[in-house]
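Observations on the three-dimensional arrangement
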Amino acid sequence: MGIVLAILLFGFIVFFHELGHFLFAKLNKIVVTEFSLGMGPRLFSFEKGDTRYSLKLLPIGGSCAMLGEDTDIENEPGTFNSASVWGRISVVAAGPVFNFIMAFVLSVIIVGAVGYEPSRVLSVKEGSAAEAAGLKEGDVITKLDGRKIHLSREISMYLMTAGQNPVQVEYRRYDETSSSWTTEHTVIQPEFKDGRYYLGVILQGHRDAPESLVQVLQYSVYEVRYWILTVIDSLKMIAGGKVSTNDIAGPVRIVTIIDQTVEENTQYGFVTVVMNLLNLMVMFSANLGVMNLLPFPALDGGRLVFLLWELVTRQPVSQRVESAVNMAGMALLMTFMVFVVFNDLRMIF
């Protein structure tokens, strides 16, 4: 079940990513020679107009191949290089942007159906640093070290990156005498326990129902923001050596996570299973969007670097140089993927 669901979920996420490239290629009058899901030999394909639509054997990735994309052909109608530099930038950026759009739409469904998780303090642990700092039940944490906080999950994620450093906390408190909210500030030294850092508060465990459509949209944006920042913070922790290779989940462990998610939530009903799977899709889609924007060869971000260089210098990078850099980047990515898969297998077995 986990394998089937993983293929379906990732297939839809990749489809939407490639659809972004496809639609903007069409808008810029670039011929798409093949739009495919998967890699390797074709299982099924058909042609319509100038485009071949394909389903391939290996359920990994996809592609939107454009005419003249990796050649020096210029000024011929329908080729990638015949489009303006801004047109090409829009085509390349559309894939990650569509991932963020997808994450937002799914978040609207989640927030609209089950609500959002406020950063409201349910109780303060006796003798904790939070108690000494003056936090009380009902306070709403709004900032940590200047970073805005909207969801309770953002607090634990930020503390992972902040580590043992004292945290400047901004929170809102309801003043019953004036029937209004006041903003307070304090500094808390996080407590380290069981390999994690804590403020010493217990946050509200249930979700609040949104009061309006505006609030649904608002907290859907916060959901996407949370996952984008989580990916960025995770990359920073990897670069800083705060995360070991054992904590990096690849495709094998992701299948296991999906399988466990279904198994653990089946007892709570179909809706709960669907909401949890949609939440995973938000995470995966935002993750794919951020990772593809990294300025690394062979990724969309790497291609954007070359296009931005052309935009600034008004001189395109040699196609031979760009192709060589992208080939080297692809080789490194494939090597990394092999490492991640073997690491997954080692961790499982």
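What you see is a predicted model, and the numbers here were worked out from it, not measured in a lab.

About the thresholds
- Residues numbered from 1 in each chain as written.
- Predicted model: local features only at pLDDT ≥ 70, side-chain atom pairs only at ≥ 80, totals over all residues.
- Heavy atoms only, no water.
- Pairing = 2+ DSSP bridges.
- Helix = DSSP H or I, 4+ residues; strand = E, 2+ residues; numbered from the N terminus.
- Phe/Tyr/Trp six-rings, centres within 6.5 Å; stacked < 30°, edge-to-face > 60°.
- Patch = residues over 30% accessible without salt bridge, like charges linked within 9 Å, V, L, I, M, F, W, Y side chains within 5 Å.
- Areas by Shrake-Rupley, 256 points an atom, 1.4 Å probe, with all protein chains shown as cover.
- Salt bridge = Lys/Arg side-chain N within 4 Å of Asp/Glu carboxyl O.
- Buried < 20%, exposed > 50% of the residue type's maximum accessible area, 1.4 Å probe, protein only.
- Contact = heavy atoms within 4.5 Å.

**Quick notes on the sheet that holds strand E5 (residues 147-148)**
- Taken in spatial order, the four strands make up an open sheet running E5-E4-E6-E7, and their pairing is antiparallel. The open sheet terminates on both sides in strands that have one partner only, identified here as E5 and strand E7 (180-188).
- Summarising the sheet, strand E4 (residues 140-144) and E5 pair through two bridges and their orientation is antiparallel. Each bridged residue has a counterpart across the sheet, and for Lys143 the counterpart in E5 is Lys148.

**So, the packing of aromatic side chains**
- Across all of its chains, the model carries 16 aromatic pairs by this definition.
- Ring geometry for Phe15 and Phe35: centres 5.9 Å apart, planes at 90°, overall edge-to-face. A residue pair is termed long-range when its members are at least 10 positions apart, and Phe15 in helix H1 (residues 2-27) and Phe35 in strand E1 (residues 32-48) qualify at 20 residues.
- With 3.8 Å between their ring centres and 15° between their planes, Tyr116 and Tyr219 make a pair best called stacked. Taken together, the positions of Tyr116 in the loop between helix H2 (85-114) and strand E3 (121-124) and Tyr219 in helix H5 (residues 213-239) put the pair 103 residues apart, joining distant regions of the chain.

**Some details on a nonpolar patch on the surface**
- Taken together, the side chains of Met39, Leu43, Phe44, Phe46, Leu55, Leu57, Leu58 and Ile60 make up a nonpolar region of the molecular surface, amounting to roughly 790 Å² of accessible area.
- The topology assignment puts Phe44 in strand E1.

**Concerning the environment of Ala94**
- By the secondary structure assignment, Ala94 is in helix H2.
- Accessibility expressed as a relative area gives 3% for Ala94, which makes it buried.
- Sequence separation between Ala94 and Pro166 is 72 residues; the distance between their C-alpha atoms is 40 Å.
- Every residue in contact with Ala94, bar those within four places of it in the chain, is listed here: Gly20, His21 and Phe24.

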